[in-house]
Amino acid sequence: MPNIKLPDGNQISFSKAVNGSQIAEKISSSLSKQALIMEVDGQLKDLSFLVEKDSTVKIFTSKNLEGVETIRHDTAHILAMAVQELFPGTQVTIGPVIENGFYYDFARKEPFTEDDLRKIEKQMLEIVDRDEITKREVWDREKAIKHFQKKGEIYKAQIIETIPENEEISIYFHGDWHDLCRGPHLSSTGKIGKYFKLMKVAGAYWRGDSNNEMLQRIYGTAWPSKKELDQYLKRLEEAEKRDHRKLGKEMDLFHFREESPGSVFWHHKGWKLFQKLVFYMREKQNHAGYDEINTPEILDRSLWEKSGHWEKFGDNMYTSTTPDEKVFAIKPMNCPGCVQVFNQGLKSYRDLPLKMSEFGKVHRYEPSGALHGLLRVRAFTQDDAHIFCTDEQITEECLSVTKLILDIYKDLGFENIILKYSDRPKVRVGEDDVWDKSEEALLKAMKKTGLEYSINNGEGAFYGPKIEFVLRDAIGRDWQCGTLQVDLNLPGRLGASYVDKDGTKKVPVMLHRALFGSLERFIGILIEHYSGKLPFWISPLQTMVIPVSDEFDDYAKIVNKELKGVGILSEVDLKNHNLNYKIREHSLKKIPLLLICGKKEVDSNTVTIRRLDSNKQENMQLKEFKNKFSLLSKAPI
RNA sequence: GCCCUGAUAGUUAAAUGGUAUAACAGAUCCAUGGUAAGGAUCAGUUUCCAGUUCAAUUCUGGGUCAGGGCACCA
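Residues numbered from 1 in each chain as written. Chains lettered and ligands numbered in written order. Predicted model: local features only at pLDDT ≥ 70, side-chain atom pairs only at ≥ 80, totals over all residues. Heavy atoms only, no water.

1. Some words on the overall build of chain A
- On a plain count of helices and strands, chain A comes out with 20 helices and 35 strands.
- Overall, the C-alpha framework of chain A stretches about 85 × 75 × 55 Å when taken along its three principal axes.
- Here chain A holds 637 residues, and 50% of them are scored as buried.
- Counting only contacts in chain A whose residues sit at least 6 apart along the sequence, the fraction spanning at least 24 positions is 67%.
- Of note, chain A has its 94 positive side-chain charges centred 4 Å away from the centre of its 96 negative side-chain charges. (Helix = DSSP H or I, 4+ residues; strand = E, 2+ residues; numbered from the N terminus. Buried < 20%, exposed > 50% of the residue type's maximum accessible area, 1.4 Å probe, protein only. Contact = heavy atoms within 4.5 Å. Lys, Arg positive; Asp, Glu negative; His and termini not counted. Charge placed at Lys NZ, Arg CZ, Asp CG, Glu CD.)

Structure (structure tokens):
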């Protein structure tokens, strides 16, 4: 006699055990048609699950996230089914739901081709049309392992072996085809609908471990309706349009070449953008009490051995041997050099906190497969700083770093920030009790910020725990940028000390922090966030002066010169093209303001402004324009 | 580093076992123009190194780099 409690508070009583479909039908006939999956006392279940005792039940349709995810999960299963029908002998492994879709990993010698994907899609549609009923069975563990081993499904057998003892081994059937799965699933293959697409094939290690064999992963997307599928595909297209590698080329900002993979060749405009950001940061940091320093790029091996980098970070370091056989390393981090600056001269507790900033260019030998435009390079400039302080000052300094970071992100148009906290990694230097102290101090500071955070176990730096600042861009992607690390190890290893109140020498705490992280990477993110349409003050070319015809070249040249004179980044286009042509060209190059000069402007000593992405015309006295926009062209400090 | 896919004027693309095709950009000339392409005339050791072949940009092998992933990470 189960009493079923519904989310709206209503209760329905049944005279005997009922399944989800029957409950849905009782609620309304339209719900029974749309029902996909249900939740019984907080656990997701198949609609065929029999509810025997009093329970709270929620029914989900494709309007709920749970429903959509089940559609994706089922689509992954049907993908596996289709692959095994078309390519017998292929082993199935795992096929989880991911954001916007799913993937399935297969073990098969021959690679899947693009053509194969289209064939598989066809087969999947056929399976949907067959509308095979889903059946669930619970098997004995040993029976299941033997069964899958016998079938040649070695990976599935391995998965079963790792399922905890207290969990059921459930097998889902669609006709004869069956697979190990926790479930839940839709009631038949027809329920997933036809709005899915296989996107790409990729390699992926078994269990995500690079020591294991590589499987073939097929990625797919699935949605409840054609409209949603089309919207998703459209969004992907839009994201491609703002790819910083494409825009960087079009806007003439930078390029890469074979002679130095992962290192940027900055063109003039890209470098201007870079310098503007550095200038802005420098001012911000000066105001926040930092002293800028600069340290060598190449340092003797012995320093890296002392700091621990040689042992813990050596695989990522470039080294160099001189003609006289000395071994140097090109710095992968700025910290050891900075500690050496701190070590010069005696420091008193009165000097602390001492904040030293450095725009340090570092080199890291990243795995070739990791390189990705500006977002992952081998040579990059950090807006780095190291804060030397006492134990008691840690929390306050961490808070002031956080404030600075949030302030800067806001100026650059990012307001949506989350924090990620990472504690001690496996490969590390220092004693555990020192780590205990560092982790506690950093965690305390982070909680005090009141911002949303998540915890990543084991992902700290080798010398200390860290907070990472993750910002969300205009199209909802997350980028990890700033970082803040508490380090109780390196100062001691490199012999840093200060004289305390009582006259004894003490080892200072060192905080490592970067605001953008890497200037290169941040510029990549900025370009994508703004689709190349950078705010006026950061834009490396702010105005283009365009004469209506060559009769007005002289006036255009004067305007250009006057704008440059007040610090506006301006150029004049005297090429032999008509006005329409030039407007199109410079709009595509994303120049914020086009200034048109013709007879009207010459006679009245004005310019006509055309803003990027607007076809409105705005006439203004040249003098007024200069006053207004020279102010706007400056960084907001 | 690992898996898959690629590499052709400055850019984006097309084609072919036998002289490589176009658009745009660039240069020159004509048109002197009012808010997203006005018209005409001029350019590649087809990524590198081998091999097969009378002949390779095309087929085969290798290198390098790039793209999509995995692993790694700012």
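2. Let's talk about the protein's contact with RNA strand B
- Neighbouring residues of RNA strand B: 53 residues in total, closest Tyr205, Val377, Ser549, Asn576 and Arg584.
- Of everything in RNA strand B that lies within 4 Å of the protein, sugar and phosphate atoms constitute 51%.
- With respect to RNA strand B, the side chain of arginine 521 contributes an N or O atom lying 2.7 Å from a sugar or linking oxygen.
- Interatomic distance of 3.1 Å between a backbone N/O atom of lysine 600 and a base oxygen of RNA strand B. (Near = heavy atom within 4 Å. Polar contact = N/O pair within 3.5 Å; in protein donor to acceptor, adjacent residues only side chain to side chain.)

3. Comments concerning the pattern of salt bridges
- By the definition in use, this model includes 43 salt bridges.
- Between arginine 108 and glutamate 110 there is a salt bridge, with its nearest N and O atoms 3.6 Å apart. (Salt bridge = Lys/Arg side-chain N within 4 Å of Asp/Glu carboxyl O.)

4. Overview of the environment of lysine 426
- Topologically, lysine 426 is positioned in the loop between strand 24 (417-422) and helix 14 (432-449).
- In this structure, the C-alpha to C-alpha distance between lysine 426 and glutamate 459, residues 33 residues apart in sequence, is 8.6 Å.

5. A closer look at the sheet that holds strand 20 (residues 318-321)
- The 3 strands lie next to each other as 19-21-20, forming an open sheet whose pairing is antiparallel. Each of the sheet's edge strands pairs with one partner strand only, and the pair in question is strand 19 (298-300) and strand 20. Recorded for the sheet is a direction-independent mean angle of 35 degrees between the axes of neighbouring strands.
- Two elements, strand 19 and strand 21 (residues 327-330), share 3 bridges in a ladder whose sense is antiparallel. Paired with leucine 299 across the bridge in strand 21 is alanine 329. (Pairing = 2+ DSSP bridges. Axes fitted to C-alpha atoms, helices over the stretch in contact; angles between N-to-C directions.)

6. Regarding the pairing of strand 20
- The pairing of strand 20 with strand 21 spans 4 bridges and is classified as antiparallel. In the strand pairing of strand 21, threonine 321 is matched with valine 327.

7. Some points on the sheet that holds strand 27 (residues 478-487)
- Pairing is mixed across the open sheet formed by 8 strands, whose spatial order is 18-22-23-30-27-26-24-25. Here the strands that pair on one side only, and so sit at the sheet edges, are strand 18 (291-292) and strand 25 (453-456).
- Sheet topology places strand 26 (residues 466-472) next to strand 27; 6 bridges connect them, and they run antiparallel. Across the sheet, leucine 471 pairs through a bridge with tryptophan 479, a residue of strand 27.
- Packing of helix 13 (residues 394-411) onto the sheet brings it into contact with strand 22 (354-363), strand 23 (379-389), strand 24, strand 26, strand 27 and strand 30 (509-518), and relative to strand 30 it is tilted by some 10 degrees.
- Strand contacts of helix 16 (residues 519-529): strand 22, strand 23, strand 26, strand 27 and strand 30, with the helix running at about 40 degrees to strand 30, the strand carrying the most contacts.

8. Structural notes on the confidence of the model for chain A
- Per-residue confidence for chain A averages 93 on the pLDDT scale, and 100% of its residues sit at or above 70.
- Overall fold confidence for the complex sits at a pTM of 0.92, while the interface term, ipTM, reaches 0.93. (pLDDT = per-residue confidence, 0-100.)

9. Some words on empty space enclosed by the protein
- As enumerated under the stated definition, the model contains 2 cavities of 30 Å³ or more in all.
- In this structure, the largest cavity occupies an estimated 80 Å³ of space.
- Lining the largest cavity, in full, are Met251, Leu253, Lys269, Gly532, Leu534, Ser539, Pro540, Leu541, Lys589, Lys590 and Ile591.
- The residue makeup of the lining of the largest cavity, split by class, is 6 nonpolar, 2 polar and 3 charged.
- Here the second largest cavity defines a volume of roughly 30 Å³.
- What lines the second largest cavity is Ser587, Ile591, Leu594, Arg610, Arg611, Leu612 and Asp613.
- The residue makeup of the lining of the second largest cavity, split by class, is 3 nonpolar, 1 polar and 3 charged. (1 Å grid on protein atoms, 1.4 Å probe; cavity = no way out; pocket = protein on both sides within 12 Å on 5 of 7 lines; lining within 4 Å. Points joined across faces, edges and corners; volume = space filled by probe spheres on them. Nonpolar A, V, L, I, M, F, W, Y, C, P; charged D, E, K, R; others polar.)

10. Re the side chain of glutamine 216
- Structurally, glutamine 216 is set in strand 15 (residues 214-222).
- Of note is the side chain of glutamine 216, whose polar atom sits 3.1 Å from the backbone oxygen of arginine 108.
- Residues contacting glutamine 216, with those up to four places away along its chain left out, are Tyr104, Asp105, Phe106, Arg108, Glu110, Pro111, Phe112, Val201 and Ala202.

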